[in-house]
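# Understanding the architecture of this molecule
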Amino acid sequence: MLEGEAEAPSNIAIVKYWGKRNSALNLPLNDSLSISLEALKVRSKVVFDPELSKDKVRVNGVKLSDEEVKSYASRVLDRMREISGKSIYAVVDSWSNFPSSAGLASSAAGIAALTLASSDALGLKMDPKELSKIARLGSGSACRSVYGGFVIWHSGARDDGEDSFCEQIFTHDHWRDLVDLIPIFTDEKKRISSRKGMSVSVETSNLMKCRLEFVRETLPSVLDSIRNRDAKKFFEMTIRHSNSMHAIMMDSFPPLIYLNAMSLKVIDSFGDGKIAGYTFDAGPNPHVFTLRKDAESVEKTLIELGATKVIKSDISAGPRVGK
Ligand code: 2P0
């Protein structure tokens with residue numbers, strides 16, 4: 001038996017990934033940029049066992065269906081088997097340090113942790129760039145969780161995905177004043193998966209072309225705002241990029257509405273970008289970035305708006321391989 005273990009951070013995209021040019025390899029239509037989060041982590045243990053006849057995955061003790069295993073974890077494990085030349089199935093156990101009922105995505109961190117743990121188990125010496133390409137096969141956003149700090153995922157242009165990988169652009173301590181507040185308004189499970197949602201958007205949204213142009217044009221100023229620790233610009237760009245993705249969702253047919261009344265209240269309260277910048281994934285709970293000095297007043301507002309809990313996260317230094 002070959003065993004490996006690793007822990008990886010979740011990540012929140014500032015410049016979002018929404019739409020693929022190749023679904024089998026999770027190749028995106030645009031570059032994206034994320035921040036790895038210290039407060040939301042997943043630890044995975046992988047055991048390759050010659051006695052197994054298929055891969056098995058448990059997340060927080062709950063067994064995933066064969067279909068779920070096949071479309072996420074096994075895509076990573078298949079690639080690891082190919083590289084190592086070892087045709088052995090694996091059993092994977094993942095635990096998140098946050099309640100899965102909070103509706104916070106754990107798949108990015110989980111797939112990244114699985115990638116690092118399986119590479120460790122098989123004794124493969126791969127650099128993070130190679131690991132990010134393998135994590136991407138399991139779930140697109142997972143490729144960014146192979147790094148800490150601020151991470152860019154280059155969409156690439158090749159059909160084989162060899163130029164679609166991530167790199168760290170700034171370390172976790174580049175901007176120590178920046179914090180992410182994650183209020184929990186609802187633990188409702190999302191209705192349509194991101195995977196399904198993005199495919200509907202690619203097929204039906206007329207605004208998609210316009211958004212791809214917007215991302216290409218504004219990515220340099222997002223990078224500048226981080227480089228210069230320009231909070232005002234960073235909050236504005238964070239808000240605009242989130243809204244741009246949600247405009248595509250609403251422009252899809254049938255429309256994809258992931259926001260709820262609480263989300264709109266957050267938009268109303270922080271939309272001027274003066275002390276904070278919000279961003280929403282495919283769900284109603286926001287991530288609200290602010291400076292440490294303003295965290296208390298932003299948190300107070302979020303609780304007044306109805307948050308039952310506010311998770312406060314620093315920027316993660318990155319994953320850890322081993323026990
Ligand atoms: C992101 N999201 O950039 C965007 C923003 C959700 C909204 O990446 O099909 O689970 O596994 O590649 O990575 C969520 O989609 O989709 C996502 P797959 P994934 O973080």
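The rules we used
- Residues numbered from 1 in each chain as written.
- Predicted model: local features only at pLDDT ≥ 70, side-chain atom pairs only at ≥ 80, totals over all residues.
- Helix = DSSP H or I, 4+ residues; strand = E, 2+ residues; numbered from the N terminus.
- Expected span 1.5 Å × (residues − 1).
- Buried ≥ 20, exposed ≤ 12 C-beta atoms within 10 Å, placed from the backbone.
- Contact = placed C-beta atoms within 7 Å.
- Core = buried A, V, L, I, M, F, W, Y, C linked by C-beta atoms within 7 Å.
- Domains from an automatic or database assignment.
- Nonpolar A, V, L, I, M, F, W, Y, C, P; charged D, E, K, R; others polar.
- pLDDT = per-residue confidence, 0-100.
- Near = placed C-beta within 6 Å.
- Pairing = 2+ DSSP bridges.
- Axes fitted to C-alpha atoms, helices over the stretch in contact; angles between N-to-C directions.

The terminal C-alpha atoms of helix α2 (residues 73–84) lie 17 Å apart, and with twelve residues this matches the ideal 16 Å at 1.5 Å per residue to within 8%. Residues Ala73, Ser74, Arg75, Val76, Leu77 and Met80 constitute the buried set of α2. Contacts from the buried residues of α2 go to β5 (56–59), α1 (66–71), β7 (90–96), α3 (107–121) and α4 (128–138). Positive backbone phi, at 75°, marks Gly85, one or two positions downstream of α2.

What follows covers the nonpolar core. Counting residues in hydrophobic clusters, the biggest one holds 82 residues, and the most contacted among them are Val76, Ala112, Ala113 and Ala135. No other element matches α3, which puts nine residues into this core. Look past the residues within four positions of Ala112 in its chain and what remains in contact with it is Ala8, Ala135, Ala142, Ser145, Val146 and Pro319.

Along its sequence, the chain is organised into domain 1 (2–173) and domain 2 (178–313). The straight-line distance from the C-alpha centre of domain 1 to that of domain 2 is 23 Å. Each partner contributes to the interface: domain 1 provides 26 residues, whereas domain 2 provides 31 residues. Mapped onto the side of domain 1 that touches domain 2, the elements with two or more residues apiece are β1 (2–15), β4 (32–48) and β9 (166–170). With six residues, β4 is the largest single contributor of residues to the side of domain 1 that touches domain 2. Looking at the side of domain 1 that touches domain 2 residue by residue, the classes come out as 17 nonpolar, five polar and four charged.

Attention now moves to the confidence of the model for the chain. Per-residue pLDDT for the chain averages 96, and the proportion of residues at 70 or more is 98%. Among the scores for the predicted complex, ipTM is 0.99 and pTM is 0.97.

Here we take up the site of the ligand. The immediate surroundings of the ligand are formed by 14 residues, with Ala13, Ser139, Gly140, Ser141 and Ser194 found nearest. Among the residues making up the shell around the ligand, the classes are represented as four nonpolar, seven polar and three charged. Shared between two domains, the shell around the ligand holds at least three residues of each, these being domain 1 (2–173) and domain 2 (178–313).

Attention now goes to the sheet that holds strand β12 (residues 286–291). Spatially, β11-β12-β10-β13 is the arrangement adopted by the four strands of the open sheet, whose pairing is antiparallel. Here the strands that pair on one side only, and so sit at the sheet edges, are β11 (276–280) and β13 (309–313). In this sheet, neighbouring strand axes are inclined to one another by 25° on average, regardless of whether the strands run parallel or antiparallel. Packed onto the sheet, helix α9 (residues 295–304) meets β10 (178–184), β11, β12 and β13 and runs at close to 15° relative to β10.

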